[in-house]
Amino acid sequence: MSNSSLFLVVLITAVVMVVAALLIAWLLSPKSSNPLKGEPYECGIPTRGSSWTQFKVGYYLYAILYLVFDVETVLLFPWASVMRQLGMQGLICIAVFFCILTFGLVYAWKKGALQWK
Amino acid sequence: MFHLEIITKWLDEFLRTYLLDGWALFIEFVLIGVAILAAYAVLALILIWLERKVCAFFQCRLGPNRVGPFGLLQSVADMIKILLKELIKINKVDPFLFRTAMFLVIIASICTFGALPFDKGIQAVDFNIGVFYLLAVSSLGVVGILIAGWSSNNKYTLIGAMRSGAQLISYELSCGLALMTIVMLSGSLQLSEIVAQQSYAWNIFRGGIPAIIALIIYLIAGHAETNRGPFDLPEAESELTAGYHTEYSGIQFGFFYLAEYLNMFIIAAIASTLFLGGWMPFHIPGWAGFNAVMDLIPPVIWFFGKTFACIFLALWVRWTMPRLRIDQLLNLEWKILMPLSLINIILMALWIIYV
């Protein structure tokens, strides 16, 4: 049994579970129609305007920063798994990489990208 | 030690002697699927019951105590009730995305669940890049949450999803960096290999101070990953009704609820696998008698014992701390945990080279 086929089994299991539960619920649940039921829930008050409203631009800054650091994680994992063999030389190389990265974080911090306004 | 592997090996041989190889393989696949589903559902029911019981304990109440002994069947009753609830059709939702969201959330959590080593050989997916796989698959859930909030045609769900997205992606970094220290220590990404290396000393003892710092960072970040406790901003009920799953009704809401509880289990299970030795018993080098007694306890009990200890910690935090504000939440991650985990990686590298 290869891991890929087992992964496929797990994936199919997840899909089957959702579909089966939805099917059971659809068969068992009561069905009634009322135009007011379909209204978006806003604590009883009728909705005004579009629901796709503006949201803070601050979320984008965190998303961009996340992208940088997530790619960095991808780069670091291969080094982490072989760091015993690479020893001091590998550590120095990674330390340089870390310095650049930390500089990025400090820059974002000083620029106020981490400040929620 | 009694490994559950004995049972699966026996089953494998039994099927192969009576059936053709192809059919045996097919039946094994079906059995694996059924086992995962059963474990997933039973664990969810136990966790929901445990949460309510522990919460009641902290608030000097009794908790569920009517249905079954100690209220044990309460969550089963709740599950049946939620299956019987109507699935309300909301006007102007994006029907495709609205349904995709729950699939994504459940797929992310079951795929992560399948990679957990419950015992020697009791692990559905054992990739050689296991830790990486865990990080990759569990981060799929964010996409599901964002889609759920976006497609629901509701202001609250949109804001809840945005908050949730910001929180989950931020804390994922600390999670990844904390797990990286353990990868450095064990020199392998394969989960079964990492557990096997801990037969003499758990990683938290082998790694010394950096490993302890990593465990603390991982528990905080993982707790935030589950959208619970003091970090439950996305579903802050006083501000956003129920956050990103406001418009989901009946079993559709049940999926998000299920995934939330199972994610709590998964985070605790990863912590116990990578830091606390997984299914390995507690051993003290040199104490042969003590080690022999510890070996008598089955590995599955060790695994679940460690995991439920971590879960109890998570519940304790949830019912003790007040909710954070969004700027406090993001500052905690970006200004405290993130620099700390970067320093911790350097510390761990020095620890490995010099100790």
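Residues numbered from 1 in each chain as written. Chains lettered and ligands numbered in written order. Predicted model: local features only at pLDDT ≥ 70, side-chain atom pairs only at ≥ 80, totals over all residues.

With reference to specific residues and values, describe the overall build of chain B.
Of the regular secondary structure elements, chain B holds 15 helices and zero strands. Taken over C-alpha atoms, the radius of gyration comes to 21 Å for chain B, in line with the 20 Å a tight globule of 355 residues would show. Each principal axis of the C-alpha distribution contributes one length, and for chain B these read about 65 × 55 × 45 Å. Here chain B holds 355 residues, and 49% of them are scored as buried. Residue pairs in contact within chain B that sit at least 24 positions apart in sequence constitute 79% of those at least 6 positions apart. (Helix = DSSP H or I, 4+ residues; strand = E, 2+ residues; numbered from the N terminus. Rg over C-alpha atoms; globule rule 2.2 N^0.38 Å. Buried ≥ 20, exposed ≤ 12 C-beta atoms within 10 Å, placed from the backbone. Contact = placed C-beta atoms within 7 Å.)

Hey, could you go over the packing of helix H12 (residues 251-274) of chain B against helix H14 (residues 299-318) of chain B for me, with residue numbers and the actual values?
All names here are of chain B. Closest axis-to-axis distance for the H12/H14 pair is 8 Å, and the angle between their directions is 120°. Taken as axis vectors, H12 and H14 run oblique relative to one another. Relative to H14, the crossing made by H12 is right-handed. Taken together, the residues of H14 that come into contact with H12 (itself represented by Met264, Phe265, Ala268, Ala269, Ala271 and Ser272) are Phe303, Lys306, Thr307, Cys310, Ile311 and Ala314. A class-by-class count of the residues in the contact of H12 with H14 yields nine nonpolar, two polar and one charged. (Axes fitted to C-alpha atoms, helices over the stretch in contact; angles between N-to-C directions. Parallel < 35°, antiparallel > 145°, perpendicular 65-115°, else oblique. Left-handed = near helix turned anticlockwise from the far one by under 90°. Nonpolar A, V, L, I, M, F, W, Y, C, P; charged D, E, K, R; others polar.)

I'd like a rundown of unusual backbone geometry, residues and numbers included.
Residues and elements named next belong to chain B. A positive phi angle, near 55°, is found at Phe70, a position not held by glycine. Mapped onto the fold, Phe70 is located in the loop between helix H2 (21-58) and helix H3 (74-83). The backbone phi angle of Asn153 is positive, close to 55°, even though this residue is not glycine. Positionally, Asn153 belongs in the loop between helix H6 (140-151) and helix H7 (155-186). The class of Asn153 is buried, set by 21 C-beta atoms lying within 10 Å.

Outline the nonpolar core, supporting the account with residue identities and numerical values.
One broad trend across soluble globular proteins is that nonpolar side chains are buried collectively. Within the largest apolar cluster, 122 residues are counted, with the highest numbers of intra-cluster contacts made by Val105(B), Ile106(B), Leu179(B), Leu262(B), Phe265(B) and Ala271(B). The dominant element in this core, judged by the number of residues it contributes, is H7(B), at 19 residues. Taken domain by domain, this core gets at least three of its residues from each of domain 1 (1-30) and domain 2 (57-117) of chain A. Beyond its immediate sequence surroundings of up to four residues, Leu179(B) is in contact with Val131(B), Leu135(B), Tyr218(B) and Leu274(B). (Core = buried A, V, L, I, M, F, W, Y, C linked by C-beta atoms within 7 Å. Domains from an automatic or database assignment.)

Can you tell me about the domain arrangement of chain A, naming the residues and giving the values?
According to the domain assignment, chain A consists of domain 1 (1-30) and domain 2 (57-117). For domain 1 of chain A versus domain 2 of chain A, the distance between C-alpha centres works out to 38 Å.

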